[in-house]
Amino acid sequence: MTTAPWRDPALPAAARVDDLLSRMTLEEKTAQLYGVWVGAATDGEARTEGVAPHQHDMTADYDWAELIAHGLGQLTRSFGTAPVDPAPAAQALARAQRRIAEAGRFGIPAVAHEECLAGFTAWQATAYPVPLAWGATFDPPLIEEMATRIGQDLRSAGVHQGLAPVLDVVRDPRWGRVEETIGEDPYLTGTIGTAYVRGLESAGVIATLKHFAGYASSAGARNLAPVRAGIREFADVTLPPFEMALREGGARSVMAAYNETDGVPASADPALLTELLREEWGFTGTVVADYFGIGFLETLHRVAGSAAEAAHAALAAGIDVELPTVKCYGKPLLEAVRSGRIPEELVDRAARRVLLQKCELGLLDEDWTPEPTSARLDLDSPRNRALARRVAEESVVLLDNPDGTLPLSPDARIAVVGPRAADALAMLGCYSFPSHVLTHHPEVPMGIEIPTVLEALRAELPDAKVTFAQGCGVSDPDTAGFEEAVARASEADVCLAVLGDRAGLFGRGTSGEGCDATDLRLPGAQGELLDALVATGVPVVLVLLTGRPYALGRWQGRLAAVVQAFFPGEEGGPAVAGVLSGRVNPSGRLPVSVPRVPGGQPWTYLQPPLGLAGEVSNLDPTPLYAFGHGGSYTSFTWGDFTCGDDPAEIGTDGSHEVSVTVRNTGDRAGAEVVQLYLHDPVASVTRPDVRLIGYQRVELGVGEASRVTFRFHADLSSFTDRSGRRIVEPGILELRLAASSADVRRTARVHLTGPVRELGAGRRLRCEAEVSGPG
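Quantities reported herein were computed from a predicted structural model and do not represent experimental measurements. (Residues numbered from 1 in each chain as written. Predicted model: local features only at pLDDT ≥ 70, side-chain atom pairs only at ≥ 80, totals over all residues. Heavy atoms only, no water.)

S.K.: Hey, could you run me through the pairing of strand 15 (residues 561-566) in this one?
M.R.: Side chains on a regular strand alternate between the two faces of the sheet. Counting buried positions along strand 15 yields six of six residues, so the element is predominantly enclosed. Where strand 10 (residues 397-400) meets strand 15, three bridges bridge the pair, whose relative direction is antiparallel. Its bridge partner lying in strand 15, Val 397 is registered against Gln 564. Inspection of the sheet shows strand 14 (residues 540-546) paired to strand 15 by six bridges, in the parallel sense. The partner of Leu 544 across the bridge, within strand 15, is Gln 564. (Buried < 20%, exposed > 50% of the residue type's maximum accessible area, 1.4 Å probe, protein only. Helix = DSSP H or I, 4+ residues; strand = E, 2+ residues; numbered from the N terminus. Pairing = 2+ DSSP bridges.)

Now the structure itself:
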């Protein structure tokens, strides 16, 4: 029997796909351009009631057998829609794939995708810390290891594509999805996000960058609000993490964002999705719609008058796949192509990209099989839990410990107070399975073990006398529990106030998608509870389990210590307890600034001169704790700086090295994070006063020292000029070796000489760092 060229694995993928496309009907090609949300719609009974607004309006009715007769592009969230046992679910997915392959003429299965923002979003799967906690680690190799493990779990279950990471850069911490981001700095977001991409892709899973682009810059921090960012903010803050994750991480998919920028929805923007992404950056993978995003062009943005017009706009812009289920790319698209209103070439272009990706995944090969490699799936293995613990431990940030109250005495009388102390969900973000799905299934057990802070502290300090009072709820104003909380605190040597957020979706939480905040006060009555505890005179240690930073200036100088954890995952309780006991030496650093006051100052540290405190306004936006800040139980000295001449003279295409020796001078092992910031005193457009361009985490034993060398290249000083070009401009720069954006240890001046230099897509994106002996 002769094998058709498209089945021949010896041929180049492009040749195989060209042959396959030439054999396909219009119906078969369009079938590759949409997904189906199997768990939500196959039997006409949605299983994700209320998960997302517009879900039911945007879901088309269809007959399953009729639908798959021509093939199918994607399967949406077979595991992440309802609590199903992973092993039977994998077998069910395999059966569905067999049916899809057998139904179509060409035997092509679907790409199965899942959310994986804080681990595989499936029942009984490991719940890792949220991305904001990844940022707090300042440890890309650790995040790559975590992503590799997540990818391996996805593949073992038959999943091909993961909808992560989120590369939106925080512009206003009131935005509900801050917990899903890596932080407020594009370089930190880019390097950590790229590490995640590398890990996921190394396991054979397609990483999907989201949300492209501008989503986090929404006006008023409202979810899905218009974006009014200028071209320089867009080019210099929003886009760099995506460029890095594509060029250095090898991500094979991008998700178009919901938002509009200056009146143009991202899902209908060819300048973004084709000209920039493909023609300038050279991206060859697939662009997928955010859920219902194509239909929203008609219903929310109102730039299309029908589903067919929405399909035309999205296809022309460059969206290849409609997710999560078929609507615009189904019958409306077919009829519009047949009538000549939409060129068939647009369908061919998208189908070719989809099929090339399926070819890469082996889904066009004759020996393809959907069956999982093992009959048993352990998605929360001891190895996973140990890794989740490491990420959680590295992400905890010691914000303040002025009198050495921490670590706690092992036999202390400890009052644990607060609504987040005894709730396992306090550890999880909104895209973890228990918060995302199980709230709709209250009868179903959690599926994974999640020790609370209270449980973990009692296990950590068995000789301590630990009492507990909730004090209040997370978001309600009720103060009825204050009396008991104050009583417990008054009896103790130290009080732990465990406060924070409840993750949820669309107003069902205080943090998460659609849970935007009017200001940065602690939710509900938690601030008043903290006031009451401080008034007892007992030392109060504030422990925050949150998805965003909250304003803490009201308690400045009144707290014995402050510990910040950003939804640290299933092992977050033991990680936080380990920091409190001293078993863990805290090493996390802030990926977002912690504000001093709660209202009127949506602020990140990337501010030009007029965004800083000054005499022109009575409002001071200076944060209480700066980006990059974090404490330790040991001490470090920085010395033996090598910065070259003052100023060192290099060309606008040159490079320069700066070095520092860091020594652990305390009595226990610890980690320091050496950060490199750029200050541009004079430029042709206003620039951030400082911005991160490099960092290195250094683990040091007692008395040990390491030398950290950064190799700065002039490309790292580039910015977008008035005409929209990315340039390197001659002049004086300052390189600042620092422990945070506000804690500078040494400044090196560099004089860039020569002509203004315009950069293209090959520019250097990363400041390489080397760690060696003390030299």
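So that's the structure; there's more coming.
S.K.: Is there a simple way to think about the nonpolar core in this case?
M.R.: Across soluble globular proteins, nonpolar side chains show a tendency to be buried alongside one another. In this structure, Tyr 196, Phe 212, Tyr 329 and Leu 552 are the most contacted members of the largest nonpolar core, which totals 205 residues. With eight residues, the top contributor of residues to this core is helix 15 (residues 344-360). Leu 552 has contacts with Leu 399, Leu 542, Leu 544, Val 562, Val 594, Pro 595, Arg 596, Leu 624 and Tyr 625, leaving out every residue within four places of it along the chain. Within the second largest apolar cluster, 38 residues are counted, among which are Leu 398, Ile 414, Leu 457 and Ala 565. (Core = buried A, V, L, I, M, F, W, Y, C linked by side-chain atoms within 4.5 Å. Contact = heavy atoms within 4.5 Å.)

S.K.: Teacher, can you tell me more about the confidence of the model for the protein here?
M.R.: Reading fine detail from the predicted coordinates is not recommended where pLDDT is low. Here the protein shows a mean pLDDT of 94. Residues at 70 or above account for 96%. Confidence drops under pLDDT 50 across residues 40-51; counting only partners more than four residues distant or on other chains, this segment forms 28 contacts. (pLDDT = per-residue confidence, 0-100.)

S.K.: I keep staring at the sheet that holds strand 27 (residues 768-772) and nothing clicks. Help me out?
M.R.: The strands that make up a sheet pair up through hydrogen bonds in the backbone, lying either parallel or antiparallel. Taken in spatial order, the four strands line up as 16-18-21-27 in an open sheet, and their pairing is antiparallel. Unpaired on one side and paired on the other, strand 16 (636-642) and strand 27 mark the two borders of the sheet. Pairwise comparison of adjacent strand axes, ignoring direction, gives a mean angle of 25° for this sheet. Note: strand 18 (residues 655-664) against strand 21 (residues 705-713), nine bridges, orientation antiparallel. Opposite Arg 663, over in strand 21, you have Ala 705 as the bridge partner. (Axes fitted to C-alpha atoms, helices over the stretch in contact; angles between N-to-C directions.)

S.K.: I would appreciate a short explanation of the sheet that holds strand 10 in the present structure.
M.R.: Spatial ordering of the open sheet is given by 10-15-14-13-11-12, a layout of six strands whose pairing is mixed. Edge strands, defined here as strands with exactly one partner in the open sheet, are strand 10 and strand 12 (465-469). Strand-to-strand twist across the sheet, computed as the mean angle between neighbouring axes with direction ignored, equals 20°. Sheet analysis places strand 11 (residues 413-417) next to strand 13 (residues 494-500), joined by four bridges and oriented parallel.

S.K.: I keep staring at helix 20 (residues 526-534) and nothing clicks. Help me out?
M.R.: Every buried residue belonging to helix 20 is among Gln 526, Gly 527, Leu 529, Leu 530, Leu 533 and Val 534, and all of these are buried. Down the axis of helix 20, the buried set is contained in an arc of 160°. They therefore lie on one face. On its buried face, helix 20 sits against strand 11, helix 19 (482-490), strand 13 and strand 14. (Arc of directions from axis to C-beta.)

S.K.: What's the story with the packing of aromatic side chains in this structure? I'm lost.
M.R.: Both the distance between ring centres and the angle between the ring planes are used here to describe each pair of aromatic rings. Under the defined criterion, the tally for this structure stands at 17 aromatic pairs. Their ring planes at 55° and their centres at 6.2 Å tell us that Phe 138 and Phe 627 sit as a pair that is tilted. Taken together, the positions of Phe 138 in the loop between helix 6 (131-137) and helix 7 (140-156) and Phe 627 in the loop between helix 21 (572-581) and strand 16 put the pair 489 residues apart, joining distant regions of the chain. An aromatic cluster of at least three residues, connected via ring pairs, comprises Trp 37, Trp 175, Tyr 215, Tyr 258, Tyr 291, Phe 292 and Phe 296. The side chain of Lys 210 reaches across the aromatic face of Tyr 431, ending 5.5 Å from its centre. Over the ring of Trp 638 we find Arg 745; its NZ or CZ atom is 4.8 Å from the centre of that ring. (Phe/Tyr/Trp six-rings, centres within 6.5 Å; stacked < 30°, edge-to-face > 60°. Lys NZ or Arg CZ within 6 Å of the ring centre and 35° of its normal.)

S.K.: Explain unusual backbone geometry to me, please; I cannot follow it from the model alone.
M.R.: Backbone torsion omega between Leu 323 and Pro 324 reads 5°, so that peptide bond is classified as cis. Of note, the amide linkage connecting Asp 646 to Pro 647 takes the cis form, showing an omega dihedral of -5°. Along the chain, Pro 647 turns up in the loop between strand 16 and strand 17 (648-651). For Arg 302, which is not glycine, the phi torsion reads 60° and is therefore positive. Residue classification places Arg 302 among the exposed residues on the basis of a relative accessible area of 70%.

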